[in-house]
Amino acid sequence: MYNQKSIVYAFVLFVFGSLQLLKAQELDLSYMDPNLPIEERVELLVSQMTLEEKISQMVNSSPEIPRLNVKSYDWWNEALHGIARNGKATIYPQAIGLGATFDPELANRVASAISTEARAKYIINQEMGNHSKYAGLTFWTPNVNIFRDPRWGRGQETYGEDPFLMAQMGVAFVKGLQGDDPKFLKSAGCAKHFAVHSGPEADRHHFNAEPNKQDLYETYLPAFEALVKEAKVEGVMSAYNAVYGVPASASKLLLSDILRDQWGFNGYVTSDCGAISGVWNKLKYVKTPAEAAAVSVKAGTNLNCGGTYKSLSKAVEQGLITEEEITESVSQLFRTRYKLGLMDKDLDHPYFKVGKEHIHSEANVALAREVAQKSIVLLKNSNNTLPLSKDIKIPYVTGPFANSADMLIGSYYGVSPNLVTVLEGVADAVSLSSSLNYRSGALPFQKNINPKNWAPNVAAESDVTICVVGLTADFEGEEVDAIASGNIGDKVDLRLPQNQIDYVQQIAKVKKGPLVLLIASGSPVSLEGIEEHCDAIMQIWYPGEQGGNAVADVLFGDVSPSGHLPITFPKNVAQLPSYDDYSMKGRTYKYMTEEPMFPFGFGLTYSETVLNDLKVSTAKIKKNDVLNISIDVANTGDYDIDEVVQLYVSPVEVTGNIPHTSLKAFKRISLKKGATQNVSFEIESDDLKVVNTDGEKVWRKGAYKVIVGNASPGALSERLGAAKQLEETIVLK
């Protein structure tokens, strides 16, 4: 028998021997050498991790691994229209407003400014030891889901309803975020939510989307494909819902067959937050967390925003997945971390030399104002009501959002010390001799509690009434944030809250001067019962921290309005198909047959645009031909303007459920008053193909109209004041 001392002695020998063995197995630290290729560094690092260490790095809040010099990192960061949820930052107009600029170059400038600011903040965060959520460089932006239905509360996060516009703006934004270094990333963009995801918000964790193949490849996938192929986006976020019966986070079709095999994606895939858990407990695709984790990794989801991947060790034990598959998945995450410089010393990476002076800089604030100016859409301007004179004697600013800072910021926002409301912008713009008045007049989303209200009567004494109505992200937005929404973030209809409608109508009955209506929203608002009472109407979206100044710039003519609608404004909800139907029939300008209130692409200026001399290089097009188109655009009015020239292609005969018309190109140009500019477009033959009912891009012979204007084709556009459109017929041979 062994006595107690001998047992203790044996244990000490065992521990000492184990320590010596571990010491003998020294780490190969060459993965820290910045001169080695990233792929080699990743392999060297991951090969020295235990299974548990690998699994620990596959959740968004990844812990440190001290023995390997791996710092903790949280992948969850947001930068939709400025750095979000991470302290002081510049707040740009919401994404839908950026879409209304029809200006990819501007989108690139905005994203570049955001990523520069992000780098500066990241350096400071690291110095302070802040490795928390929202403090990193992997931004889960942009949202390129199609805004297929204006009831969707999160549609404000997108660039609109058109796949081509979405792709152009999204590609430019991602390139701005990620920088132009051939080896390293400035920050990492992420295309979300892949795929076929745009409400209903209340059912986003449970529904199964089954679009026909034509809609899938014509509408739902093109923006994602462009971000992967053209922008080389580093990340893709899978959606909550199922597609064709399989949860998006576990979909081999989406994540392996299409994303990686067909498109050549070479970045990381993250789940939406809690989506892996939803694979088993909401969508009921499998029965246990271990099964959900295994099927998602095998399909191609590298990162779990959430904690279900902690069950991967059990999944290995149960034979549901191999360690080799986990190694392959976690290696992709470290490729991204190396590209961002998260594994290197500061001086080893080109984007670590950014100072704090870039955070909310004067240049960024000026850019926020410029974007807001260019996003504002003038919908109506009877008798040239606008622009207003700054010397107007008695201007009246009113409405529930006239002095609202909350209205400016939309969803997924940062924090700015310089939020300029519409009232503040107008007050700073008008002459000191003006007797500017202000009253709120109406509560935003409910009937006034006090039945007595003098505010409408002030309009009877005023030379102009500027009324600011609309919504906020409290009313429309993500399900967990839209606290004023009775429909879990979505809208039931398109009308303004009744109290606001009543207030506008009260003003209209007594007003002395013109009524200028400013609509703040991230989605189309029905103006039935309102439009006829207003002399001028401007859609200002959620215009960011400089929104008040930008609105004043446009109201008083320092800048001519130049935004164009990136989404159709229907007359009412009765014109829309069922919200939960993912068929595109009857949706968006491409398939809608009823006449809306305001068409896609529409927007007035203070001047007049005239189009002349449309030319096409050939009337008969064969496969592999290039179609060159040119047109003269003249500004015949009295104001310098920006204009958006839009080119559409419409089949003369619509068959096989193809779109009635499609945006194929656009250019934003600046025109001095009296000036004419020749604008040219080059259309590749591949861009003239259509998607058939099998989801295939095919060359469809026949006659097509090439239509150029400054709004989508149709009599309504011209009736509302758009330029007379020009068209030529071509034949695909």
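Residues numbered from 1 in each chain as written. Predicted model: local features only at pLDDT ≥ 70, side-chain atom pairs only at ≥ 80, totals over all residues. Heavy atoms only, no water.

A. Representation of the sheet that holds strand β14 (residues 536-539) in the model. Here we have 6 strands laid out as an open sheet, ordered β9-β14-β13-β12-β10-β11, and mixed in their pairing. Edge positions in the open sheet fall to β9 (377-381) and β11 (437-439), since each of these has one partner strand only. Across the sheet, the mean angle from the axis of one strand to that of its neighbour is 15°, orientation sign disregarded. (Pairing = 2+ DSSP bridges. Helix = DSSP H or I, 4+ residues; strand = E, 2+ residues; numbered from the N terminus. Axes fitted to C-alpha atoms, helices over the stretch in contact; angles between N-to-C directions.)

B. A look at helix α18 (residues 498-510). Between the first and last C-alpha of α18 there are 19 Å, a value that for 13 residues agrees with the 18 Å anticipated at 1.5 Å per step. Among the residues making up α18, those that are buried are N499, Q500, I501, Y503, V504 and I507. Packing partners of the buried residues in α18 comprise β10 (395-398), α17 (455-458), β12 (464-470) and β13 (515-520). (Expected span 1.5 Å × (residues − 1). Buried < 20%, exposed > 50% of the residue type's maximum accessible area, 1.4 Å probe, protein only. Contact = heavy atoms within 4.5 Å.)

C. Highlighting the packing of helix α6 (residues 163-178) against helix α8 (residues 222-229). Where α6 contacts α8, the two axes come as close as 8 Å, and the packing angle between them is 30°. Taken together, the axes of α6 and α8 lie roughly parallel to each other. Note on packing geometry: the crossing formed by α6 with α8 is right-handed. Along its contact with α6, which presents P163, M166, A167, G170, V171 and V174, the element α8 presents P222, A223, A226 and L227. (Parallel < 35°, antiparallel > 145°, perpendicular 65-115°, else oblique. Left-handed = near helix turned anticlockwise from the far one by under 90°.)

D. Expanded view of the pattern of salt bridges. The tally for this structure, following the rule as stated, stands at 34 salt bridges. Between D257 and K252 there is a salt bridge, and its shortest N-O distance comes to 2.8 Å. Residues K390 and D558 are paired through a salt bridge, measuring 3.0 Å at the closest nitrogen-oxygen approach. Here K390, found in the loop between β9 and β10, pairs with D558, found in the loop between α19 (547-555) and α20 (588-591); they are 168 residues apart in sequence, far enough to count as distant. Residues joined in a network through salt bridges with shared partners are R154, E157, E201, R204, E478 and E479. (Salt bridge = Lys/Arg side-chain N within 4 Å of Asp/Glu carboxyl O.)

E. Fine view of the layout of surface pockets. Considering only enclosed or pocket space, the largest pocket measures out at about 1,000 Å³ in volume. Lining the largest pocket are 37 residues, with P222, K664, D686, D687 and K697 positioned closest to its centre. Top contributing element to the lining of the largest pocket by residue count: α6, with 5 residues. In terms of residue class, the lining of the largest pocket is made up of 20 nonpolar, 4 polar and 13 charged. Estimates place the volume of the second largest pocket at around 380 Å³. Taken together, 22 residues form the lining of the second largest pocket, with Q178, A231, K232, E234 and K339 sitting closest to its centre. At the level of elements, α6 and α8 are the ones that each hand at least two residues to the lining of the second largest pocket. At 3 residues, the largest contribution of residues to the lining of the second largest pocket is made by α6. For the lining of the second largest pocket, a count of residues per class yields 9 nonpolar, 5 polar and 8 charged. (1 Å grid on protein atoms, 1.4 Å probe; cavity = no way out; pocket = protein on both sides within 12 Å on 5 of 7 lines; lining within 4 Å. Points joined across faces, edges and corners; volume = space filled by probe spheres on them. Nonpolar A, V, L, I, M, F, W, Y, C, P; charged D, E, K, R; others polar.)

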